Amino acid sequence: MKRKYILTENTKEIDGHTLYQIKAVKDIYINGEDEEPEVESGELGGWIESEENLSHKGSCWVDNDSCVYGKAKVYDGGTISCDAIVCENAEVCGRASVHGSSKIRGNAVVCGNSSIFEFGIVEGDAYVKNSSVSGRSKIYGNAYVKESILYGDTRICGNTHIENSEIFGFAKIYGDIRVKSAILYDNADISKPGDYFSINGFGMSGKSVTFFKSDDGKVKTSLPELYEAYPYAFAESVNSFKSIAAECYKRDKIWADRASMLAEFAEKYFAEKCINK
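Keep in mind the model is a prediction, meaning the values are calculated, not measured. The numbering scheme is per chain: residues are counted from 1 as the chain's sequence reads. Thresholds applied to this predicted model are a pLDDT of at least 70 for local features of residues and 80 or more for the giving and counting of side-chain atom pairs; totals over whole chains, interfaces and linings are not thresholded and use all residues. Hydrogens and water are ignored here; the side-chain numbers use all heavy atoms of the structure.

Got a minute to help me understand the packing of aromatic side chains in this structure?
What characterises a pair of aromatic rings is the spacing of the ring centres plus the angle enclosed by the ring planes. Two rings from Phe, Tyr or Trp (for Trp, the six-membered ring) form a pair when their centres sit within 6.5 Å of each other. Planes less than 30 degrees apart are called stacked, planes more than 60 degrees apart edge-to-face, and all others tilted. In total, this model carries 12 aromatic pairs according to the counting rule given. Between Tyr 151 and Phe 168, the aromatic rings sit 5.0 Å apart at their centres with planes inclined by 5 degrees, giving stacked as the arrangement. Placement of the pair is Tyr 151 in the loop between strand E19 (149-150) and strand E20 (155-156) and Phe 168 in the loop between strand E22 (166-167) and strand E23 (172-173), with a sequence separation of 17 residues. Exposed residues in this analysis have more than 50% of their type's maximum accessible area, buried residues have under 20%, and partly exposed residues fall in between, with area computed by a 1.4 Å probe over protein chains only. With relative accessibility at 16%, the residue Phe 168 sits in the buried group. Following the ring pairs from residue to residue traces out a cluster consisting of Phe 197, Phe 211, Phe 241, Phe 265, Tyr 269 and Phe 270. Distance and angle both matter: a charge sits over a ring if NZ of Lys or CZ of Arg is within 6 Å of the ring centre and within 35 degrees of the ring normal. Positioned over the ring face of Tyr 140 is Lys 138, at 4.9 Å from the centre of the ring. We note Arg 258 situated over the ring of Trp 255; from NZ or CZ to the ring centre the distance is 4.4 Å. A helix here means a DSSP run of H or I that spans at least four residues, while a strand means a run of E at least two residues long, and both kinds are numbered starting from the N terminus.

Here's what the structure looks like:
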């Protein structure tokens, strides 16, 4: 196997590990040799502890001041840049990118077309695939996140399984819960079945609507169709949703009635748990 980089004599210490700056000894292409190389031969890269940390196969690369050490592995087309850290037993593979000041550690796996950036953290036994994680979001425990977008200061942990969802603000999802096709924001507090429900294909745009429990004892909701028309409005209660929906659908009685029925269902669904007014 032809080597694509060498370890230079430039070293740095981090967490008791000696890391070596790498240097490319061949051009590295991300999208095929018909395009300009992403990394040119002779170019200095980031820092690794040993060649076990970065595969010589594929287009994977460690760049800038980023560090990979311990038993961590970067392979396939995974890229680490800026001052990101991948350590312990973590893996970054597929076409995943880790940049900014992000940290991937523990036994975490980041794969597919995932992007972890800004101050995102993935650790423990967490698994992230085809997802975007940014802000100060943190995924840990045995959490599984697929095809989702997380930003803000979200916390995802426990045995949670999240798929095709958008989660932001200070939302917390933990315990043993599956979340699919949902939009959770602000101070959402989801730990068990019954803390939220989501309906796909609602409204004239066919998007999802999600009602969820917050940590202040209220029911909140997210329906992108309403917010596109009334961007100032976030439904902080079921009654608020009723008002916004009535305005949004004032020229369409059928959808207005459907929204009203949905609000009534939400009131009954959360009746014993939350404050709806």
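Honestly, the packing of helix H2 (residues 238-248) against helix H3 (residues 253-269) in this entry has me stumped. Any pointers?
In a packed pair of helices, the relevant descriptors are the angle between the two axes and the axis-to-axis distance. Axis separation between H2 and H3 bottoms out at 10 Å; the angle between their running directions is 180 degrees. If you check the angle between H2 and H3, you find them roughly antiparallel. Listed contacts from H3 to Val 238, Asn 239, Phe 241, Lys 242 and Ala 245 of H2 are Ala 259, Leu 262, Ala 263, Ala 266 and Glu 267. For this classification, the nonpolar set comprises Ala, Val, Leu, Ile, Met, Phe, Trp, Tyr, Cys and Pro, the charged set comprises Asp, Glu, Lys and Arg, and every other residue, Gly included, is treated as polar. Here the contact of H2 with H3 is composed, by residue class, of seven nonpolar, one polar and two charged. Axis lines are fitted to C-alpha atoms, over the contacting stretch for helices. Their N-to-C directions set the angle, which ranges from 0 to 180 degrees. We call two directions roughly parallel when the angle between them is under 35 degrees, roughly antiparallel when it is over 145, roughly perpendicular when it lies between 65 and 115, and oblique otherwise. The contact rule is simple, with two residues in contact once any of their heavy atoms fall within 4.5 Å.

Help me understand the sheet that holds strand E21 (residues 161-163), please; the structure alone is not making it clear to me.
The pairing of strands in a sheet comes from backbone hydrogen bonds and takes either a parallel or an antiparallel form. Strands were regarded as paired on the criterion that DSSP finds at least two bridges between them. The strand order E6-E9-E12-E15-E18-E21-E24 describes an open sheet built from seven strands, whose pairing is parallel. Pairing within the sheet leaves two strands with one partner each, and these edge strands are strand E6 (73-74) and strand E24 (178-180). Relative to strand E15 (residues 127-129), strand E12 (residues 109-111) is paired through three bridges, and the arrangement is parallel. By the bridge assignment for E15, Val 109 is matched with Tyr 127.

Would you explain H3 in this entry?
Side chains of residues three or four places apart in an α-helix project in the same direction, reflecting 3.6 residues per turn. Working rule for helices: expected span equals 1.5 Å times residues minus one. Spanning 17 residues, H3 covers 24 Å between terminal C-alpha atoms, matching the ideal 24 Å at 1.5 Å per step. Three or more residues of H3 are buried, namely Trp 255, Ala 259, Leu 262, Ala 263 and Ala 266. The buried residues of H3 occupy one face: seen down the axis, they fall within an arc of 100 degrees. Across from the buried face of H3, at angles greater than 90 degrees, the exposed residues are Lys 253, Ile 254, Met 261 and Lys 268. Next to the buried residues of H3 lie strand E27 (196-202), strand E28 (207-213) and H2. As used here, the arc is the angular range of directions from the helix axis to the C-beta atoms.

Got a minute to help me understand the side chain of Asn 53 in this structure?
Residue position: Asn 53 is located in the loop between strand E3 (44-48) and strand E4 (61-62). Classification of Asn 53 as buried rests on a relative accessible area of 0%. Within the structure, the side chain of Asn 53 is placed 3.1 Å from the backbone oxygen of Gly 70, a separation counted as a polar contact. Those residues in contact with Asn 53, other than ones at most four positions away along the chain, are Ile 48, Val 68, Tyr 69, Gly 70, Lys 71, Ala 72, Lys 73 and Val 74. Distance and chemistry together define a polar contact, namely a pair of N or O atoms within 3.5 Å, with one atom able to donate a hydrogen and the other to accept it when in protein, and with adjacent residues in sequence counting only for side-chain atoms on both sides.

Mind showing me how you'd approach H2 here?
Within H2, the full set of buried residues consists of Val 238, Phe 241, Ile 244, Ala 245 and Cys 248. The arc that holds the buried residues of H2, viewed along the axis, is 120 degrees, so those residues lie on one side.

For this particular structure, what's the right way to read a negative patch on the surface?
Together, Asp 27, Glu 35, Glu 36 and Glu 40 make up a region of like negative charge exposed at the surface. As for its position among the elements, Glu 40 is in the loop between strand E2 (17-24) and E3. In this scheme, patches are assembled from residues that exceed 30% relative accessible area and form no salt bridge. Like charges are connected within 9 Å, while nonpolar side chains (Val, Leu, Ile, Met, Phe, Trp, Tyr) are connected within 5 Å. Computed with the Shrake-Rupley method and a 1.4 Å probe, the accessible areas treat only the protein chains shown as cover for residues. A pair is scored as a salt bridge if a Lys or Arg side-chain nitrogen falls within 4 Å of a carboxyl oxygen belonging to Asp or Glu. The sign given to each residue is positive for Lys and Arg and negative for Asp and Glu; His and the chain ends receive no count. To locate a charge, take atom NZ for lysine, CZ for arginine, CG for aspartate or CD for glutamate.

In this structure, what is going on with the sheet that holds strand E8 (residues 85-86)? I would like to understand it.
Across the sheet, 11 strands lie side by side as E1-E2-E3-E5-E8-E11-E14-E17-E20-E23-E26; this open sheet has mixed pairing. With partners counted over all chains shown, the strands left at the sheet margins are strand E1 (5-14) and strand E26 (189-190), one partner each.

When you look at the nonpolar core in this model, what are you seeing that I'm missing?
Across soluble globular proteins, nonpolar side chains have a tendency to be buried as a group. In this description, a nonpolar core means a group of buried Ala, Val, Leu, Ile, Met, Phe, Trp, Tyr and Cys residues linked to one another through side-chain atoms lying within 4.5 Å. Counting 48 residues, the largest nonpolar core has Ile 104 and Leu 184 as the members making the most contacts within it. Those elements giving two or more residues to this core turn out to be E2, E4 and strand E25 (183-184). With residues near it in sequence (within four places) discarded, Ile 104 still touches Ile 85, Val 86, Cys 87, Ala 90, Val 92, Val 98, Val 110, Ile 116 and Val 122. Of all hydrophobic cores here, the second largest spans 18 residues; its members include Phe 211, Ala 235, Ala 245 and Ala 266.

Just checking my understanding: could you explain the environment of Glu 36 for this structure?
With respect to the helices and strands, the residue Glu 36 is situated in the loop between E2 and E3. The exposure class assigned to Glu 36 is exposed, which follows from its relative accessible area of 68%. When the C-alpha atoms of Glu 36 and Tyr 140 are compared, they prove to be 37 Å apart, with 104 residues separating the residues in sequence.

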